[in-house]
Structures are given as structure tokens and as C-alpha cells.
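Survey of secondary and tertiary structure
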Amino acid sequence: MEERERKIRLWFDMWIKQQDLGIDDIFAEDVVYTESWGPEYHNRETVKHWFAEWNLRGTVISWNIKQFFHKNDQTIVEWYFQNQMKDRKTEAFDGISLIVWTADNKIKSLKEFGCNCNCYDPYENGADPVFRDEKINWF
């Protein structure tokens, strides 16, 4: 468990530092990485390209781990994420990653799931729901 958590922390830290500090050591060659809003990257070289290219367009401000859950060859990590793109647009949301490991503790599958952290109770003022008039996020 410690090695797996160390690799996940390193992956998150790479985004903050905008540096590849060991993608080859973390991901299996045939990894499948799925972002919460739909893009999917097939193989480690594509993940490396995406990481480098994305960091030209934006900056991860924070990616804080809240907790880990481990079961056999799987890990779930709960986190909070915030970024700012070059056009000054910012995003912030809670999420989890479902990770499947190889026998030698490399990530062979990672699926991200996002959750709006700006929650509210639509029944706060009665039996009829009142929803905010706002753009619905992609997750």
C-alpha cells in the first residue's frame, strides 16, 4: 500500500510542479487513463504527451489527497482539484480516481470521477425543488 500511495502522490505532485518526475515508473506501458469529462489516453507515451501538452495550456493550483481505499489490485483515492488555464479560466472540484494496478505496482487503468464542490439543497425552502440557474459542469 505504501508504494502505491507514494506513486499516486508523486503523480499529483508532478502536476503541481509541471515536471515529469517518473511517469515511466508509475504507469504500465499499456495504461488506459480516463478523465472524468471523457478524454481517454491509451498507453504511457500518450499519457506523457498529454501531460506535457496540457501543462503548456494551464497550471494545476492544487490537487490535494483526502483519503485512500485499497482492495486487492485496486485503489480509490479521494481528492480536491483546482486549476487555472492560460485564458484565466479556473476550475475546482472534488473527485475520486479508481486505479487498477499491475503485479509490479504500476498503474494499468485509471478512471477519474468529478463532483461539483459547490453543493446546495434544492429543497431548502420547501417541497418543490429550486435549482440554481447556472451552467452545469461537465462531470
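Look a little higher up for the structure.
Here's a quick rundown of the structure. (Residues numbered from 1 in each chain as written. Predicted model: local features only at pLDDT ≥ 70, side-chain atom pairs only at ≥ 80, totals over all residues. Heavy atoms only, no water.)

With that settled, the discussion passes to the pairing of strand β4 (residues 74-85). Of the two faces of β4, only the one carrying Thr 75, Val 77, Trp 79, Phe 81, Asn 83 and Met 85 is buried; Gln 74, Ile 76, Glu 78, Tyr 80, Gln 82 and Gln 84 on the other face are not. Note that strand β3 (residues 58-71) and β4 share 12 bridges and pair antiparallel. Its bridge partner being in β4, Trp 63 is matched across the sheet by Phe 81. Summarising the sheet, β4 and strand β5 (residues 90-101) pair through 11 bridges and their orientation is antiparallel. Looking at the pairing, Trp 79 lines up with Gly 95 of β5. Hairpin connection between β4 and β5: a loop of four residues separates the two successive antiparallel strands, and Arg 88 in this loop has a positive phi of roughly 80 degrees. (Buried < 20%, exposed > 50% of the residue type's maximum accessible area, 1.4 Å probe, protein only. Helix = DSSP H or I, 4+ residues; strand = E, 2+ residues; numbered from the N terminus. Pairing = 2+ DSSP bridges.)

Look at helix α1 (residues 2-17) against helix α3 (residues 44-57): their axes get within 10 Å of each other, and the N-to-C directions meet at 35 degrees. Taking contact as the criterion, the partners of Trp 11, Met 14 and Trp 15 in α1 are, on α3, Val 47, Trp 50, Phe 51, Trp 54 and Asn 55. Residues of the contact of α1 with α3, tallied by class, amount to seven nonpolar, one polar and no charged. (Axes fitted to C-alpha atoms, helices over the stretch in contact; angles between N-to-C directions. Contact = heavy atoms within 4.5 Å. Nonpolar A, V, L, I, M, F, W, Y, C, P; charged D, E, K, R; others polar.)

Now for the sheet that holds β5. Here six strands make up an open sheet; going across it, the order is β2-β1-β6-β5-β4-β3 and the pairing mixed. Two strands close off the open sheet at either side, each with one partner strand: β2 (40-42) and β3. Along the sheet, successive strands turn relative to each other by an average axial angle of 20 degrees, direction set aside. By the bridge criterion, three bridges tie strand β1 (residues 27-34) to β2 in an arrangement that is antiparallel. Bridge pairing in β2 places Tyr 33 opposite Tyr 41. The sheet strands contacting α3 are β1, β2, β3 and β4, and the helix crosses β1 at an angle near 55 degrees.

This part is about the packing of aromatic side chains. A complete count under the given rule lists 19 aromatic pairs for this structure. Between the aromatic rings of Trp 63 and Phe 81, the centroid separation amounts to 5.2 Å while the plane-to-plane angle is 85 degrees, which identifies the pairing as edge-to-face. One end of the pair, Trp 63, is in strand β3; the other, Phe 81, is in strand β4, and 18 residues separate them in sequence. For the pair shown, Trp 63 and Phe 81 are each scored as buried. Consider the rings of Trp 79 and Phe 81, whose centres lie 6.3 Å apart with planes at 70 degrees: the pair is edge-to-face. For Trp 79, a relative accessible area of 1% translates into the label buried. For Phe 81, a relative accessible area of 9% puts it in the buried group. (Phe/Tyr/Trp six-rings, centres within 6.5 Å; stacked < 30°, edge-to-face > 60°.)

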